[in-house]
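Structural overview
Residues per chain are reported as follows:
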Amino acid sequence: MRWGWKTVGGFGALALAGLVGVVVGVVGWGGFNTAMEATNSMEFCVSCHEMRDNVYVEYKTSPHYQNASGVRATCADCHVPRDWTHKVIRKVQASGELYHWLIGSIDTKEKFEAKRHTLARREWDRMRATDSQECRNCHSFGAMDFHKQTPKAASAMEGAEKAGKTCIDCHKGIAHSFPDVTAGHRHLFAGLSDQAKALALKPGDTAYALTSLALYSAPPAPGTGVDGEIAAATPVKVLAAEGGALKVEITGWQRGDATQTLYARPGKRITTVKLNAAAGSQAAALRSVTDPETEQEWTEVRLTAWTGAGGYVATLGALWDYGARVYDANCSLCHTLHPPDAFDANAWIGKMNAMKRLTRLDEDEGRLLLTYLQSHAKDGTR
């Protein structure tokens, strides 16, 4: 075969183009990798005042910044995956943070605190989804000497390992201040409370108690004794409205001879009303049924009583949205949320009794949460 200058020149051009491509690729790749690694540096992470004046200040007081061993975990150690693929994915996701920086979403202390729980929750969920991989780069069950830990810590760690828990399930707020997880749903409740105060109910209306409300046998007045209490989410039918009081009708179920507690459904201990002995005996019986599981008799009754106005909402959906918010904010701190229908209505009572002490919920919030869970349990739908 005869080679001509044009052929040789063609191959030379291709070789030169290939070489230029390789050089451009290497330089481009190196530049991209250098830039990406630069964004992992502590200096870059705290270059904006949003991070420098908030989470960085908190981090500097934590053992991850300064400790006896002299090993420091930087921002990237905890928040950026080490393997290339997931690192790039995380960097792409983080580009949204630049947008919020530009529009000033958290450019003041007040704005930052208002979003602290949302930001923390997003990171908790991410770490849970990756089995806390960034934590495990330094900490692992296999490398732990339980005998060198305190008995309490060793027991907790061994229990977590057996239960398949991940680091972030138990270790939140270790490098940054713990967010007020109640702030969001309490703000929502304040809005519902304003709506309740403005709601003008008239005879024939059906409404739902926003929170626990006192019950009276007569229109409430100074010195009037309280005869009972209605639980949040309990439906009432308005019979009369006089001044700041409502005469209401409540239907519920009494269990056996116990007349002082009314429940939403027979066989399901979803409490709606608690009464003193005198008021409980005044409820009018409608019908009786026998619970096939316990063979216990339940009686449906109708109760007429008075309550103060201004404590009701017009729809149950608003309360359930609030209940879902309370559940999501408080019960996702130690584990992934169980769907409400994972348990039956009566089982949720024991679950709440065991877990409520680990939350910052007050009594009314705890009661509403229990009612929400029971009402959405696999056997508790009203």
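Above this text is the structure in question.
Everything in this summary refers to the structure shown in the same document. (Residues numbered from 1 in each chain as written. Predicted model: local features only at pLDDT ≥ 70, side-chain atom pairs only at ≥ 80, totals over all residues. Heavy atoms only, no water.)

**Details of the environment of Glu 123**
Mapping Glu 123 onto the fold places it in helix 7 (residues 109-129). Sequence-wise, Glu 123 and Glu 242 are 119 residues apart; in three dimensions their C-alpha atoms are separated by 52 Å. Beyond its immediate sequence surroundings of up to four residues, Glu 123 is in contact with Cys 78, His 79 and Arg 90. (Helix = DSSP H or I, 4+ residues; strand = E, 2+ residues; numbered from the N terminus. Contact = heavy atoms within 4.5 Å.)

**A word on helix 11 (residues 183-198)**
Here helix 11 spans 23 Å end to end across 16 residues, near enough to the 22 Å set by a 1.5 Å rise per residue. Those residues of helix 11 lying buried are His 185, Leu 192, Ser 193 and Ala 196. Across the axial projection of helix 11, the buried residues extend over an arc of 110°, all falling on one side. Summarising the geometry of helix 11, the exposed residues directed more than 90 degrees from the buried face are His 187, Asp 194, Gln 195, Lys 197 and Ala 198. (Expected span 1.5 Å × (residues − 1). Buried < 20%, exposed > 50% of the residue type's maximum accessible area, 1.4 Å probe, protein only. Arc of directions from axis to C-beta.)

**So, the pairing of strand 5 (residues 245-255)**
Judged from the 5 bridges that link them, strand 4 (residues 235-242) and strand 5 form a sheet pairing that is antiparallel. Bridge pairing links Ala 240 to Lys 247 in strand 5. The loop that links strand 4 with its antiparallel partner strand 5 comprises 2 residues; one of these, Gly 243, has a positive phi angle of about 60°. Pairing analysis gives 11 bridges linking strand 5 to strand 9 (residues 297-308), with the strands arranged antiparallel. In the sheet register, Val 248 faces strand 9, and the bridge partner there is Ala 305. Of the strand pairs in this sheet, strand 5 and strand 6 (residues 258-265) are connected by 2 bridges, and their pairing is antiparallel. Of the residues in strand 6, the one forming a bridge with Arg 255 is Ala 258. Hairpin connection from strand 5 to strand 6: 2 residues lie between these consecutive antiparallel strands, with Gly 256 at a positive phi of about 55°. (Pairing = 2+ DSSP bridges.)

**Focus: the side chain of Thr 211**
Structurally, the position occupied by Thr 211 is in the loop between strand 1 (206-209) and strand 2 (213-215). Looking at Thr 211, the relative accessible area reads 18%, which means it is buried. Within the local environment of Thr 211, its side chain forms a polar contact with the side chain of Asp 364, the two groups lying 3.3 Å apart. Ignoring sequence-local partners within four residues, the contact set of Thr 211 consists of Phe 189, Ile 230, Ala 231, Ala 232, Gly 311 and Asp 364. (Polar contact = N/O pair within 3.5 Å; in protein donor to acceptor, adjacent residues only side chain to side chain.)

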